[in-house]
Amino acid sequence: MDIAIIGAGPIGCYLGQLLKQHGFSHFILEEHPEIGVPSHCAGLVGKSFFKDSKIPLPEDVINNILNGAIISYKNHRFILRREGVAFVIDRKKLDRELSLGLNIKKEVKLLNMERKNNRYILYTNKGNFYSDIVIGADGATSLTRRLASLKLKPIYYKGIQVRIKKKVELRDMAQVDFIKPFLFFSWVIPEGDEIVRVGNISPNPAQNLKLFLNKLKFQGEIIEKMGGVLSIGYGQTFKDNIAVVGDAACQVKPLSGGGLYYGMRCAEILADCIVRGNISSYDGEWKELLGGEIRSALKIRKVLERRSLSFLEKLFEIARKNYHIIEQIADFERHSFSVFNVIKRLGIIIPGIFLSR
């Protein structure tokens with residue numbers, strides 16, 4: 001049985017390594033000439049990213065360890081502290097490490113595909129390839145997803161990030177700055193002592209990033225720029241021996257956009273289904289693990305998007321005054337779980353009226 005994986009990003013390569021362990025014949029089609037380039041990721045992961053991996057991940061990809069974050073909105077802020085809560089990683093290096101030993105065909109771009117006699121013909125810019133199973137790990141704007149006509153229509157958001165060479169004052173703390181509309185934000189992630197990553201996700205990320213940099217009064221050389229698209233949604237991820245995984249399947253956190261942890265867990269489920277000869281169960285099995293969390297976070301985002309700015313400002317102020325409770329309850333990987341538990345603890349009704357604090 002031949003398996004084609006479209007996309008040699010971290011999720012596609014992680015899946016490839018899992019299948020390789022079980023002796024499956026597979027190849028990966030990658031449209032770019034270099035693994036890990038271009039990068040579309042802020043490069044911030046929770047400690048569970050390494051702990052829960054089914055294969056050893058190289059720890060030399062860790063640039064920095066964070067012990068918390070400064071959360072701000074307008075002129076108000078609060079600090080959340082938790083030792084070793086997150087790792088700043090070198091995404092290019094991670095992708096390249098995960099790609100080692102895999103059959104990757106670079107500069108091959110999928111153009112179309114057709115099913116004949118229960119096999120797929122993959123039409124590319126470098127000729128035709130043939131496969132029994134096609135896995136789309138080709139990112140937020142997945143062509144595989146569209147060609148398979150999967151019932152999954154994401155909402156897209158744009159993001160941009162720059163790496164700036166400057167002396168870092170708070171090496172162990174990230175910064176998150178919420179902007180209007182309230183569910184979008186800018187960030188500062190210290191990569192080490194002399195480099196920071198500064199980015200924004202919003203309807204107009206370039207303009208908002210410029211405003212954020214001016215607000216911070218950052219002086220330093222921009223050594224790299226990167227941008228990307230975030231896909232948020234929920235729906236069908238398997239059909240006729242075609243599966244999508246990672247960003248292509250919207251297996252991301254709807255409230256922050258982080259996707260590496262969810263994508264890896266779903267790649268493990270997909271690999272296990274293939275090994276068992278029951279790939280059709282993939283859609284149900286990953287949703288049993290993460291579907292409830294993603295659906296709940298999507299509902300929270302939808303509810304908050306409909307609330308007034310004054311309501312959201314009051315919500316931020318309550319969070320600021322009760323930061324110690326958030327420190328105790330918050331889960332880096334399960335945002336809706338964190339939100340619901342904080343709401344319950346503080347006695348808040350959303351949508352509706354705040355109860356007595």
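See the structure shown above.
This text gives an overview of the structure that appears in the document. (Residues numbered from 1 in each chain as written. Predicted model: local features only at pLDDT ≥ 70, side-chain atom pairs only at ≥ 80, totals over all residues. Heavy atoms only, no water.)

A closer look at the nonpolar core
Working step 1: Formed by 45 residues in total, the largest nonpolar core has its most connected members in Phe-49, Ile-89, Ile-135, Val-245, Leu-270 and Tyr-282.
Working step 2: Of all the secondary-structure elements, those providing two or more residues to this core are strand 1 (2–6), helix 1 (10–21), helix 2 (48–51), strand 5 (76–89), helix 3 (91–99), strand 10 (133–136), helix 6 (260–275) and helix 7 (282–306).
Working step 3: Sorting elements by how many residues they give to this core places helix 6 first, with 11 residues.
Working step 4: Residues within four places of Tyr-282 in sequence aside, it is in contact with Thr-237, Phe-238, Ala-243, Val-244, Val-245, Gln-251, Cys-266, Ile-269, Leu-270 and Cys-273.
Working step 5: Ala-86, Phe-185, Ala-319 and Ile-325 belong to the second-largest nonpolar core, a separate cluster that totals 27 residues. (Core = buried A, V, L, I, M, F, W, Y, C linked by side-chain atoms within 4.5 Å. Buried < 20%, exposed > 50% of the residue type's maximum accessible area, 1.4 Å probe, protein only. Helix = DSSP H or I, 4+ residues; strand = E, 2+ residues; numbered from the N terminus. Contact = heavy atoms within 4.5 Å.)

Comments concerning helix 7
Working step 1: If you check helix 7, its first and last C-alpha atoms are 34 Å apart, about what 25 residues at 1.5 Å a residue would give, namely 36 Å.
Working step 2: Remark: the principal bend of helix 7, roughly 60 degrees, maps to Leu-290. (Expected span 1.5 Å × (residues − 1). Bend = angle between axes of the 7 residues up to and from the residue.)

Considerations on the sheet that holds strand 7 (residues 110–116)
Each strand in a sheet pairs with another by means of backbone hydrogen bonds, the pair being arranged parallel or else antiparallel.
Working step 1: Within the open sheet, the three strands sit side by side as 7-8-9. Their pairing is antiparallel. Each of the sheet's edge strands pairs with one partner strand only, and the pair in question is strand 7 and strand 9 (127–131). On average, each strand axis in the sheet is inclined to that of its neighbour by 25 degrees, with strand direction left out of account.
Working step 2: Sheet topology places strand 7 next to strand 8 (residues 119–124); six bridges connect them, and they run antiparallel. Pairing of Leu-110 across the sheet is with Thr-124, part of strand 8. (Pairing = 2+ DSSP bridges. Axes fitted to C-alpha atoms, helices over the stretch in contact; angles between N-to-C directions.)

Quick word on the packing of helix 1 against helix 6
Working step 1: The N-to-C vectors of helix 1 and helix 6 enclose an angle of 30 degrees; their axes lie 9 Å apart at closest approach. Crossing of helix 1 over helix 6 shows right-handed handedness. The residues of helix 6 that touch helix 1, namely those facing Pro-10, Ile-11, Tyr-14, Leu-15, Leu-18 and Leu-19, are Leu-260, Gly-263, Met-264, Arg-265, Ala-267, Glu-268, Leu-270, Ala-271 and Ile-274.
Working step 2: Tallied by class, residues from the contact of helix 1 with helix 6 come to 12 nonpolar, one polar and two charged. (Left-handed = near helix turned anticlockwise from the far one by under 90°. Nonpolar A, V, L, I, M, F, W, Y, C, P; charged D, E, K, R; others polar.)

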